[in-house]
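Per-entry structural report
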Amino acid sequence: MTEYGRGPGSEPWHPEDPLYGDQGWGGQQSAHGQNQYGGQQQPYPQDPYAHPQQQDPYAQQDPYAQQQPYQQQQQPYQQQPAYGVPQDPYAQQQPQQPEYNNGGWDTGQQPAGMPYDPQAADQYGGRQAGYGETHDSYGTPEAYPPPQPPGRRQAVPEQPPEQAPAQSPDWDPEVQPEETHPFFTGADDGGDKDDEYDDDPRESRRGGRGGNERRGKGKKKSRSGVACLVVAVVLVGGLGGLGYVGYSYWQDKFGAAPDYAGTGTGEVEIEIEKGALGYDIGNILKQKGVVKSVDAFVAAQSENPKGRSIQAGVYLLHEKMSAAEAVKMMVDPDSQNLLVIPEGYRNVTIYGMVDKKLGLKKGTTKGIATSKASGLGLPDWASNNKDIKDPLEGFLYPAAYPVTKETKPETILKKMVSRANEEYDKLDLEGTAKKYKLDGPWQVLTVASLVQAEGLTHNDFRKMAEVAYNRLKPNNTVTNRKLQFDSAFNYLNNQSKIKIRSSEILSNPDPYNTYYHAGLPPGPIGNPGDEALRATLNPTDDGWMFFISLDGKKTEFTKTAAEHERLNKKFKEQHGLD
């Protein structure tokens, strides 16, 4: 077949053929031996190229000037509108379809022989095909491009040479490449597989080049097995450290604290200082071997309802106890190794208690108190009156003091004096002395010791303080500024009697006898507690002048001497006194 299937001819064509050229475009003529509108090709009686006398078909006539292709010619395609003629496609549309392979339009890579107006709009573009219409092969994305006039033709871009099919890679993408880095292989410099790192054969590296010529490759990295081992050790150590930290964190937050089981064995003396809290106590117990961990003790203290009541002191516990058992013993007063000083106790009694607690000979603590009184921490306002029986009286503050087997008498006495100074500093003793015309804090402390000795309750303390202040007034003509307190007479005799005869008490000239001397005794007659001290600073103001206890349990207060004498007579009758 010839180009585009235009006829049965067998002549080949070539772009340089003078007859090929601009057929059908330049002179608007049909191709050689071909109907210009796609009709059947006329057979040639003889080859036009071999008989030059034959008329040139290109110069014969203007086909468009002699005929109307779509209206007058009765060709097989006269009812089919030609491409390039802008007219309504529905005006003369016939149901038959054109035959493009019978001398008509074809879509090859060579220019078509039939005229084609590139400026005409595609009659099928932008709308759907009508009934019986054929889809435009040039209007589809997969169609060949329509032929162009000579002036608008562009050279067909050269197709890039077909690439050779990609060779199969020398590696399988589905298979992971074998790792050759020394960190993962652990190979040394002398290993046989090291040569894969170089393109040169082993012989070339061992030859005259001395291993210096490596064709641009860098120096081979050291693959020391020792270095790999060090890295591995570091990694393992790091992971181990992280694991330990994580385990410790988990134990601290969620795990049970280490603890012993049972009640323990042996005996351990533990001293808890003042102000110590749960963790402080736990640390002390752990150091002494009582509990296994601080957290276990703190947890047990929180679980015990009385755990928060643990006070400063000395406790007798056991070694390797469970934390719960340790807390249980510490809240039990019997387990505490304390020296408890009650309120109102005299010094002479306290000295005996210290000797007994420390296992000392009777009188040991009293001798130290007498000889070292000035070095035990007394305040500056303490009196130096020669009539004072004991300079430490009133300064052995009533409280609980922890002691151990190694505690010395001097040590415990210093603790008591220090505690007294601490408590007295909280009170306005100086202001109270000025208010009631007393000679400084020392006399206020003396009044407090008398109130503590005579009173039974808090209400008694305040009334008793008022009685003392009223009797010390200069204008007191009822008792003439005499206190007349039996407790002072008992103090000088180191006794505690309620049955004292008048003949005895009125005849003793001792400075501490308030029946014999006006005013206050030389010093305190005991160690007052906090309630008595505060009552002394804040007495009642009801005019009380007298008091008496008929049964030793309840105190009766009166304002007049007549009222008091009536109660005093009753008291003497009950106790058989004259």
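Because the structure is a prediction, the values reported are computed rather than measured.

Right, let's talk about the overall build of the protein for a bit. If you tally the helices and strands in the protein, you get 17 helices and 6 strands. Taking all 578 residues of the protein together, the buried fraction comes to 37%. Pairs at least 24 apart in sequence give 64% of the contacts found in the protein among residues at least 6 apart. Summing over all exposed atoms, the protein offers an accessible surface of approximately 35,500 Å²; the carbon and sulfur share of this is 50%.

The next subject is the pairing of strand β5 (residues 546–549). Looking along a regular strand, one sees side chains alternate from face to face of the sheet. Bridge analysis of β5 against strand β6 (residues 555–558) gives 4 bridges, and the strand direction is antiparallel. Within β6, the residue paired with S549 across the bridge is T555. In textbook terms, the turn of a hairpin is the stretch between consecutive antiparallel strands, and for β5 and β6 this stretch comprises 5 residues, one of which, G552, has a positive phi near 80°.

Here R471 shows up in helix α13 (residues 458–471). Despite its burial, R471 pairs with no opposite charge; the closest candidate is E454, at 8.3 Å N-O. When neighbours within four sequence positions are excluded, R471 is seen to be in contact with N476, T479, R481, K482, L483, Q484, F485, M545, F546 and F547.

If you trace the backbone, I270 turns up in strand β1 (residues 265–272). Sequence separation of I270 and Y315 is 45 residues, and the distance between their C-alpha atoms is 5.0 Å. Leave out the neighbours within four places in its chain, and I270 touches I284, L285, K288, V290, G313, V314, Y315 and L317.

Of the positions making up helix α9 (residues 364–371), those classed as buried are T365, I368 and A369. All buried residues of α9 fall inside an arc of 100° around its axis, so they share one side. Seen from the buried face of α9, the exposed residues on the opposite side, beyond 90 degrees, are T370 and S371. Next to the buried residues of α9 lie α8 (347–358) and α10 (409–424).

What follows deals with the layout of surface pockets. Size it by volume and the largest pocket reaches roughly 1,200 Å³. Around the largest pocket sit 44 residues that line it, and E454, D486, S487, Y515 and F547 are the ones nearest its centre. If you list the elements that add at least two residues to the lining of the largest pocket, you get α12 (440–454), α14 (486–492), α15 (502–507), β5 and α17 (561–575).

All chains considered together, the criterion is met by 10 aromatic pairs. Relative to Y424, the ring of Y397 lies with its centre 6.2 Å away and its plane at 75°, an arrangement referred to as edge-to-face. Here Y397 is found in the loop between α9 and β4 (400–402), whereas its partner Y424 is found in helix α10, with 27 residues between them in sequence. Here Y397 and Y424 have matching classes, each one buried. The rings of W381, F395, Y397, Y424 and W442 are connected pair by pair, giving a single aromatic cluster. A cation over a ring is seen here: K559 above W544, with NZ or CZ 4.9 Å from the ring centre.

What follows concerns the packing of α9 against α10. Any two packed helices are characterised by the angle at which their axes cross and by the distance between the axes. Viewed as axis vectors pointing N to C, α9 and α10 meet at an angle of 60°, and their least axial separation amounts to 10 Å. Here α10 runs oblique to α9, going by the angle between their axes. In this structure, α9 meets α10 at a crossing whose hand is right-handed. Here T365, I368 and A369 of α9 come into contact with α10, specifically with P409, E410 and L413.

In this section: a nonpolar patch on the surface. A surface patch of nonpolar side chains, amounting to about 270 Å² of accessible area, comprises V226, V230 and V234. Within the secondary structure, V230 sits in helix α4 (residues 225–253).

Moving on, we get to unusual backbone geometry. Despite not being glycine, K320 has its phi angle at roughly 50°, a positive value. Mapping K320 onto the fold places it in the loop between β2 (313–319) and α7 (323–330). With a phi angle near 60°, N480 is a residue other than glycine that sits in the positive phi range. Here N480 shows up in the loop between α13 and α14.

All right, on to the packing of helix α6 (residues 294–303) against α7 then. Where α6 contacts α7, the two axes come as close as 8 Å, and the packing angle between them is 55°. The angle between the axes of α6 and α7 places the two elements in the oblique class. In this structure, α6 meets α7 at a crossing whose hand is right-handed. In this structure, α6 uses A296, F297, A300 and Q301 to contact α7, whose residues at the interface are A323, A324, V327 and M330. Among the residues making up the contact of α6 with α7, the classes are represented as 7 nonpolar, 1 polar and no charged.

Along the chain, the position of K389 falls in the loop between α9 and β4. Here the alpha-carbon distance between K389 and Y512, two residues 123 residues apart in the chain, equals 9.3 Å. Ignoring anything within four residues of it in the chain, the contact list for K389 reads Y491, L492, D510 and Y512. In terms of polar contacts, K389 uses its side chain to reach the side chain of D510, at 3.3 Å.

Turning our eyes to something else, we now look at α12. A rise of 1.5 Å per residue sets the reference length of α12, with its 15 residues, at 21 Å; its end C-alpha atoms lie 22 Å apart and thus fit the reference within 8%. For α12, the tally of buried residues reaches 13 of 15 residues, placing the bulk of the element in the interior.

Let us look at the pattern of salt bridges. This structure, assessed with the given rule, holds 9 salt bridges. Note that E422 and K274 form a salt bridge whose closest N and O atoms lie 3.0 Å from each other. Of this pair, E422 sits in helix α10 while K274 is found in the loop between β1 and α5 (278–287), placing the two residues 148 residues apart along the sequence. You can call K274 exposed: its relative accessible area is 57%. As a salt-bridge pair, R419 and E423 come within 3.2 Å of each other at their nearest N and O atoms. A residue pair is termed a helical-turn pair when its members lie 3 or 4 positions apart in one helix, as R419 and E423 do in helix α10 at 4 residues. Here R419 falls in the partly exposed class, since its relative accessible area comes to 25%. Overlapping salt bridges, with partners in common, bring together K372, E410 and K414 in one network.

Conventions used here
Per chain, residue numbering runs from 1 following the sequence as it is written. A pLDDT threshold of at least 70 governs which residues receive local features in this predicted model, and a stricter bar of 80 or more applies before side-chain atom pairs are shown or counted, although totals over entire chains, interfaces and linings include all residues. Note: side-chain values were computed over all heavy atoms of the structure, leaving out hydrogens and water. Helix and strand assignments come from DSSP, with helices taken as H or I runs of at least 4 residues and strands as E runs of at least 2, each series counted from the N terminus. Each residue is placed in one exposure class: buried if its accessible area under a 1.4 Å probe, protein chains only, is under 20% of its type's maximum, exposed if it is over 50%, and partly exposed if it falls in between. In this description, contact between two residues means that some pair of their heavy atoms is separated by no more than 4.5 Å. All accessible areas in this document rest on Shrake-Rupley with a 1.4 Å probe, and a residue is counted as covered only by the protein chains that are shown. We call two strands paired when DSSP finds no fewer than two bridges between them. Residues scored as positive are Lys and Arg, those scored as negative are Asp and Glu, and His as well as the terminal groups of each chain are ignored. Definition used for salt bridges: Asp or Glu carboxyl oxygen within 4 Å of a side-chain nitrogen of Lys or Arg. Along the arc lie the directions from the helix axis toward the C-beta atoms. Residues are called lining when one of their atoms sits within 4 Å of a cavity or pocket point, these points coming from a 1 Å grid over the protein atoms alone, where a cavity is a set in which a 1.4 Å probe fits but cannot get out and a pocket is an open set with protein on both sides within 12 Å along at least five of seven lines. Grid points are joined across faces, edges and corners, and a volume is the space filled by probe spheres set on the points. Paired rings are identified among Phe, Tyr and Trp, the last through its six-membered ring, by centres lying within 6.5 Å, and are further divided according to the angle between planes into stacked (under 30 degrees), edge-to-face (over 60) and tilted (the rest). Any Lys NZ or Arg CZ found within 6 Å of a ring centre and within 35 degrees of that ring's normal is scored as a charge over the ring. The axes used here are C-alpha line fits, helices contributing only the stretch in contact, and every angle between their N-to-C directions lies in the interval 0 to 180 degrees. Each angle gets one of four labels, with under 35 degrees taken as roughly parallel, over 145 as roughly antiparallel, 65 to 115 as roughly perpendicular, and the rest as oblique. Put simply, a crossing is left-handed when the front helix is turned counterclockwise from the back one by less than a right angle, and right-handed when it is turned clockwise. Residues form patches when they are more than 30% accessible in relative terms and have no salt bridge. Like charges link within 9 Å. Nonpolar side chains (Val, Leu, Ile, Met, Phe, Trp, Tyr) link within 5 Å. Basically, the charged four are Asp, Glu, Lys and Arg, the nonpolar ten are Ala, Val, Leu, Ile, Met, Phe, Trp, Tyr, Cys and Pro, and anything else, Gly included, counts as polar. Polar contact is defined as a pair of N or O atoms within 3.5 Å, subject to the rule that within protein one atom must be able to donate a hydrogen and the other to accept it, and that residues adjacent in sequence are counted only when both atoms are side-chain atoms. Multiplying 1.5 Å by the helix residue count minus one yields the expected span of that helix.

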